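# Topology and contacts: notes
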Amino acid sequence: MSVCISRSDKALALRLIALTQSGLPLVEDPWAWLAEQLGISVESTLDLLKRLQAEGAIRRIAAVPNHYRLGYRHNGMTVWDVVDEQMPRLGELIGAQPFVSHCYRRPRRPGWPYNLFAMVHGRSREEIDSYREHLRYLLGEACGADEMLVSSRILKKTGLRLATSH
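Residues numbered from 1 in each chain as written. Predicted model: local features only at pLDDT ≥ 70, side-chain atom pairs only at ≥ 80, totals over all residues. Heavy atoms only, no water.

## Description of the nonpolar core
- Ranked by size, the top nonpolar core spans 17 residues in total, and within it Trp80, Val82, Leu116, Val120, Leu135 and Leu139 carry the most contacts.
- Tallying contributions element by element places helix H5 (residues 125-139) first for this core, with four residues.
- Excluding anything up to four places from it in sequence, Leu139 contacts Trp80, Val82, Leu90, Ile94 and Leu116.
- Among the nonpolar cores identified, the runner-up in size contains 10 residues, and Leu12, Ile17, Leu34 and Leu38 belong to it. (Core = buried A, V, L, I, M, F, W, Y, C linked by side-chain atoms within 4.5 Å. Buried < 20%, exposed > 50% of the residue type's maximum accessible area, 1.4 Å probe, protein only. Helix = DSSP H or I, 4+ residues; strand = E, 2+ residues; numbered from the N terminus. Contact = heavy atoms within 4.5 Å.)

## With respect to the pairing of strand S3 (residues 116-122)
- Here S3 lies mainly inside the structure; seven of its seven residues are buried.
- Burial of S3 is two-sided: the residues Leu116, Ala118, Val120 and Gly122 facing one way and the residues Phe117, Met119 and His121 facing the other way are all buried.
- Where strand S1 (residues 74-82) and S3 come together, seven bridges link them in antiparallel fashion. Paired with His74 across the strands is Gly122, a residue of S3. (Pairing = 2+ DSSP bridges.)

## Observations concerning the side chain of His121
- Here His121 is to be found in strand S3.
- A polar contact is formed between the side chain of His121 and the side chain of Asn75, at a distance of 2.4 Å. (Polar contact = N/O pair within 3.5 Å; in protein donor to acceptor, adjacent residues only side chain to side chain.)

## Regarding the packing of helix H2 (residues 30-38) against helix H3 (residues 42-55)
- With their axes 8 Å apart at the nearest point, H2 and H3 run at an angle of 95° to one another. Comparing the axis directions of H2 and H3 gives the class roughly perpendicular. Contacts from Trp31, Ala32, Leu34, Ala35 and Leu38 in H2 reach Val42, Thr45, Leu46 and Leu49 in H3.
- For the contact of H2 with H3, the per-class residue count stands at eight nonpolar, one polar and no charged. (Axes fitted to C-alpha atoms, helices over the stretch in contact; angles between N-to-C directions. Parallel < 35°, antiparallel > 145°, perpendicular 65-115°, else oblique. Nonpolar A, V, L, I, M, F, W, Y, C, P; charged D, E, K, R; others polar.)

None of this, on its own, says anything about what the molecule does.
In C-alpha cells:
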C-alpha cells in the first residue's frame, strides 16, 4: 500500500520526528502535547503517524523503558519450542504476563528449535529464574524445550534520529 504524503506533510513529519526522537514527555496525554507542539489537532497528529507508519517511515511506536534505571537489573530472553498449532493462544498468554516486556514468534532455524521469545525483567537472578519457571508452567506440555539467555549489559536503545548538519 502506497500512501501519498504532501510536501507540507513532509515538513510536518520532520517536525514530528524532531519532537519525538528523544522520546515523548511523561504527560497525561502525549498525543495532545504533540498536537499542540505541531499546531494541529490530535486527530491530524494520529493520522500523520498512521500515514508515516503505512509508508514505512515509522515501523512502530512503543515505550522503551530503561529497566536498569527502574531497578530491574536482571534480564533474560526466554526462548521456547512451542507446538505451532498452539502458538496464537500461548503467545498471547505469555505476552500478557506483567514481567514480560515483549514476546514474539520467530521461525525455527537449523540447530535452534525455539519459536517463541519472551523477555523477562527482574530485580535478581532468582526472580527471573522464577519467572522462567512460571512461563514453563503456563506453556505446559505444549513446550518441548527452553533456554534463557541472560543479559550481561544494557545496549543503547534509540529510535529514529534526524541527521544533524555540521
